[in-house]
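Letter by letter, the chains look like this.
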Number of protein chains: 2
Amino acid sequence: MAATVLYMSMSLDGFVAGPNESLENGLGDGGERLHSWFSNAEGPDREVVDESLTTGSVLAGRGTFEPAGGWGGDHHDGIAIFILSRHRPAPEFAQWPNVTYLGDLEEAVRRARDAAGSRNVLVHGVGTAQRCLRAGLLDEIQISLVPVLLGEGRRLFEHLGVGHVELETVRVIQGRDATHLRYRIRR
Amino acid sequence: MAATVLYMSMSLDGFVAGPNESLENGLGDGGERLHSWFSNAEGPDREVVDESLTTGSVLAGRGTFEPAGGWGGDHHDGIAIFILSRHRPAPEFAQWPNVTYLGDLEEAVRRARDAAGSRNVLVHGVGTAQRCLRAGLLDEIQISLVPVLLGEGRRLFEHLGVGHVELETVRVIQGRDATHLRYRIRR
């Protein structure tokens, strides 16, 4: 069955966005630094990017999707995109056939797994990651650890309320511009 | 000249101790999980431990030193130990010839470097790390990243107040029980 895999770029001090995030400043101040490895990925960094693009569906929150312009309605290869949201999409985000807004986490995960078939589900965004972790619906975590201290911003792992969670280190890839750490969540 | 190198074991979610730290519970609840790789280190994990024991002096805070029983007055090989503290040591920590309590950060770093000679200075503890980082007195960071989410506790990188700090990844060693990441601080 499809595994749900969280893909995030994180600073060594645990931030996935800088401060002052907004719809127009989706990564926060200085947050684009966390994605620079991605923009010019070569060699091992490129392999990690390419692997993420073999996923069969996307599950993300509205707070990730909308500031990113909804990825133009196509994250990659026209795969199905499921957006967790208590609200209906604004008109500009409701126009794409591959995009489905859903309010219920379990339904969203089930539909994302179904859509992915034998491939994995790419999970993205802090809120969705935290909700999936809490509900025991996240299978793996792929962190691209960027050699920088941002000092402030939004943390990936905060207010988890899950207690102690053991991980299994599946793989460590040292790229030119980031260290790619892959973990499986032990249950 | 001797480099100041911070050695810390940290969970993937950024904690170096569990909650409820006290003199009797120095690592906090569940914090000993962060040190299990160290207790039975073999292979690459062992190499990282052995390397840390080639340092020529120790610089730590009172909050690290005293709950650890002052390492019995000898961290390793009888090297000089400098403890940052605004207070004089309690009698049980004032008995060792290698241990010096100092109130001034710059003096402590200078004396630790002098004592280390051509070797490095082992820096340890959250408060001392943060103060050295802020003052531009930390040269390298060696994080042993432990595959666990603790959920709560004391973070290593918090309230830094240093803004954006670029790091250079010097080395990544995958051990059996931790991933050892070494960074040089760019200035």
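Calculation rules
- Residues numbered from 1 in each chain as written.
- Chains lettered and ligands numbered in written order.
- Predicted model: local features only at pLDDT ≥ 70, side-chain atom pairs only at ≥ 80, totals over all residues.
- Heavy atoms only, no water.
- Least-squares fit on C-alpha atoms with pLDDT ≥ 70 in both.
- Contact = heavy atoms within 4.5 Å.
- Buried < 20%, exposed > 50% of the residue type's maximum accessible area, 1.4 Å probe, protein only.
- Helix = DSSP H or I, 4+ residues; strand = E, 2+ residues; numbered from the N terminus.
- Pairing = 2+ DSSP bridges.
- Salt bridge = Lys/Arg side-chain N within 4 Å of Asp/Glu carboxyl O.
- Buried area = accessible area lost by both parts, 1.4 Å probe.
- Polar contact = N/O pair within 3.5 Å; in protein donor to acceptor, adjacent residues only side chain to side chain.
- Nonpolar A, V, L, I, M, F, W, Y, C, P; charged D, E, K, R; others polar.
- Axes fitted to C-alpha atoms, helices over the stretch in contact; angles between N-to-C directions.
- Core = buried A, V, L, I, M, F, W, Y, C linked by side-chain atoms within 4.5 Å.
- pLDDT = per-residue confidence, 0-100.

Turning to the relation of the copies chain B and chain A, a few remarks are in order. What relates the pair of chain copies is a rotation about an axis plus a shift along that axis. Overlaying chain B on chain A yields an RMSD of 0.0 Å, the required transformation being a rotation through 180° with an accompanying axial translation of 0.0 Å. Within this description, the copies of the chain are treated as partners about a two-fold rotation axis. Taking C-alpha positions as reference, the residue of chain B nearest the rotation axis is G14(B), located at 3.2 Å. Comparing interface residues between copies, 100% of those in chain B also lie at the interface in chain A; the contact surface is shared.

All names here are of chain A. Strand β7 (residues 140-146) sits mainly inside the fold: seven of its seven residues count as buried. Sheet topology places strand β1 (residues 4-11) next to β7; seven bridges connect them, and they run parallel. Paired with S11 across the strands is V146, a residue of β7. As judged from the six bridges shared by β7 and strand β11 (residues 179-185), these two strands associate in the antiparallel manner. Its bridge partner lying in β11, I143 is registered against L181.

Right, let's talk about the pattern of salt bridges for a bit. A complete count under the given rule lists 31 salt bridges over all chains for this structure. Its salt-bridge partner being E51(B), residue R182(B) comes within 3.0 Å of it at the nearest N-O pair. Within this pair, whereas R182(B) is found in strand β11 (residues 179-185), its partner E51(B) is found in helix α2 (residues 43-52), the two being separated by 131 residues in sequence. For R182(B), the salt bridge goes to E140(B), with nearest N and O atoms at 2.7 Å. Here R182(B) is found in strand β11, whereas its partner E140(B) is found in strand β7 (residues 140-146), with 42 residues between them in sequence. Relative accessible area serves as the criterion here: at 7%, R182(B) is assigned to the buried category. Through salt bridges that share partners, E51(A), E140(A), E168(A), R171(A), R182(A) and R184(A) make up one connected network.

Another aspect to go through is helix α5 (residues 126-134) of chain B. Among all positions of α5(B), only V126(B), T128(B), A129(B), Q130(B), C132(B) and L133(B) are buried. Just beyond α5(B), the residue with positive phi is G136(B), at close to 70°.

With 27 residues of chain B at the contact, the number on the chain A side is 27 residues. Ranking the residues of chain B by area buried against chain A places L12(B), P147(B) and L149(B) at the top, with a combined share of 26%. Applying the counting rule to chain B against chain A returns three salt bridges. Note that R155(A) is salt-bridged to E158(B), the shortest N-O span being 4.0 Å. One can count eight residue pairs in polar contact (both at pLDDT 80 or more) joining chain B with chain A. For the side of chain B that touches chain A, the secondary-structure elements that each account for two or more residues are β7, β8 (148-149), β10 (165-174) and β11 of chain B. Among the elements that take part in the side of chain B that touches chain A, β10(B) stands out by supplying six residues, more than any other. Of the residues belonging to the side of chain B that touches chain A, the class tally is 16 nonpolar, six polar and five charged. Note that strand β10 (residues 165-174) of chain A and β8(B) share two bridges and pair antiparallel.

Quick look at the sheet that holds strand β4 (residues 80-84) of chain B now. Taking strand neighbours across the sheet as the criterion, the nine strands line up as β8(A)-β10(B)-β11(B)-β7(B)-β1(B)-β6(B)-β3(B)-β4(B)-β5(B) in an open arrangement whose pairing is mixed. At either margin of the open sheet sits one strand with a lone partner, and together these are β8 (148-149) of chain A together with β5 (99-102) of chain B. This element, α2(B), spans β1 (4-11), β6 (121-124), β7, β10 and β11 of chain B of the sheet and lies at about 125° to β10(B).

Attention now moves to the nonpolar core. Membership of the largest hydrophobic core comes to 70 residues, with the highest contact counts inside it found for L59(A), L156(A), F157(A), L59(B), L156(B) and F157(B). In contact with L59(B), not counting residues within four places along its chain, are F82(B), L84(B), A108(B), V109(B), A112(B), V121(B), L122(B), V123(B), H124(B), T128(B) and C132(B).

Moving on to the side chain of S52(A). Residues and elements named next belong to chain A. Topologically, S52 is positioned in helix α2 (residues 43-52). Accessibility expressed as a relative area gives 8% for S52, which makes it buried. Setting aside residues no more than four positions away along its own chain, S52 makes contact with Y7, H76 and L122.

Here we come to the side chain of S85(A). Residue and element names in this part refer to chain A. Within the secondary structure, S85 sits in the loop between β4 (80-84) and β5 (99-102). With relative accessibility at 9%, the residue S85 sits in the buried group. A polar contact of 3.4 Å, which involves the side chain of S85, links it to the side chain of R62. With near-sequence residues (within four places) excluded, S85 lies in contact with R62, Y101, L102 and G103.

Moving on, we come to the confidence of the model for chain A. The predicted model of chain A averages 95 in pLDDT, with 100% of residues at 70 or higher. ipTM for the predicted complex: 0.96, alongside a pTM of 0.96.

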